[in-house]
Amino acid sequence: MLASPKRFLQLASLCALLAVAACSKGPTHPAIGAPPAAPVTASDVDAVQALLMRGDRKGAETLLKPLLKRDPMNSRLLLLRDSMQRDPKELLGPDSYAYTVRTGETFEEIAERLLGNRLKAYQLARYNGVDNPSALAAGQTIRVPGAPPQPKPSPAPERPSRPAAAAVQPRPKPATPAPAAKPVANTAAAQKARAAGLAALNRGAVGEALVQLRRAKALDPANPVIARDLQRAERIAATVRARK
């Protein structure tokens, strides 16, 4: 049965409207995702550590929070978070021994040398009930978790060698000029400058710390500990400049 002319005109109008609606829609584009977050750098970690070493726990927590969002599985950031939130005796163990702080030493240096990680410095400070690690002073007695390091055995004395049999004396070789003597390191002055630099770094005076640590390196250029402290201070200074 054929449709009536009126019904045919209605169907034709409906098709025309659907065609116009289809043409009016623009091309669809896939949603553009957010750019990937910048990776967490060593300078970011050092900035959080520097705040903790000044006793600014609130500032360290504020800085740490967005870094953990960017990299929630970063082991160094998680260690710093645990240092602030968890019980230090649970982290470091209940057994400990007495240790007398020497001139120029900081919680960071003691943690690196005796605990194997300088980022555990805030744990060590809380272990001793210290809220501001920069207040550590020479002659102070603290508790260090674990067992005290064993002294290295002294080497056995060498046995005197037997006199060699007489042999034909070789002709003397022409004397060669002695090599130029290397400059003698002033270790005492270098350690004093290093201690002043670390104290300034703990106070947040990064510029002063750089001056003192560079002077310490000039006085004792072969000292790897001073070179490492200077590199860390330069990273912190770069981070501070980037945040201004």
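Up top you'll find the structure we're talking about.
(A) Quick peek at empty space enclosed by the protein. Applying the stated criterion across every chain yields a total of one cavity of 30 Å³ or more. Of the pockets and cavities examined, the largest cavity occupies roughly 50 Å³. Considering the residues around the largest cavity, the lining is formed by Thr-106, Glu-108, Glu-109, Glu-112, Arg-118, Arg-194, Leu-198, Arg-228, Asp-229 and Arg-232.

(B) Structural view of the pairing of strand β1 (residues 96-100). Only one face of β1 is covered, namely the one carrying Tyr-97 and Tyr-99; the face carrying Ser-96, Ala-98 and Thr-100 has none of its residues buried. In the sheet, β1 pairs with strand β2 (residues 141-145) via five bridges, with the strands oriented antiparallel. For Tyr-97, the partnering residue across the bridge sits in β2 and is Val-144.

(C) The arrangement of helix α3 (residues 57-70) in detail. The end-to-end C-alpha distance of α3, which contains 14 residues, comes to 20 Å, matching closely the 20 Å that a straight helix rising 1.5 Å per residue would cover. Taking the largest bend as the criterion, α3 deviates by roughly 25°, centred on Leu-64, and proline Pro-66 comes between one and four positions later. Three or more residues of α3 are buried, namely Gly-59, Ala-60, Leu-63, Leu-64, Leu-67 and Leu-68.

Parameters and conventions
- Residues numbered from 1 in each chain as written.
- Predicted model: local features only at pLDDT ≥ 70, side-chain atom pairs only at ≥ 80, totals over all residues.
- Heavy atoms only, no water.
- 1 Å grid on protein atoms, 1.4 Å probe; cavity = no way out; pocket = protein on both sides within 12 Å on 5 of 7 lines; lining within 4 Å.
- Points joined across faces, edges and corners; volume = space filled by probe spheres on them.
- Buried < 20%, exposed > 50% of the residue type's maximum accessible area, 1.4 Å probe, protein only.
- Helix = DSSP H or I, 4+ residues; strand = E, 2+ residues; numbered from the N terminus.
- Pairing = 2+ DSSP bridges.
- Expected span 1.5 Å × (residues − 1).
- Bend = angle between axes of the 7 residues up to and from the residue.

By themselves these figures say nothing about function.
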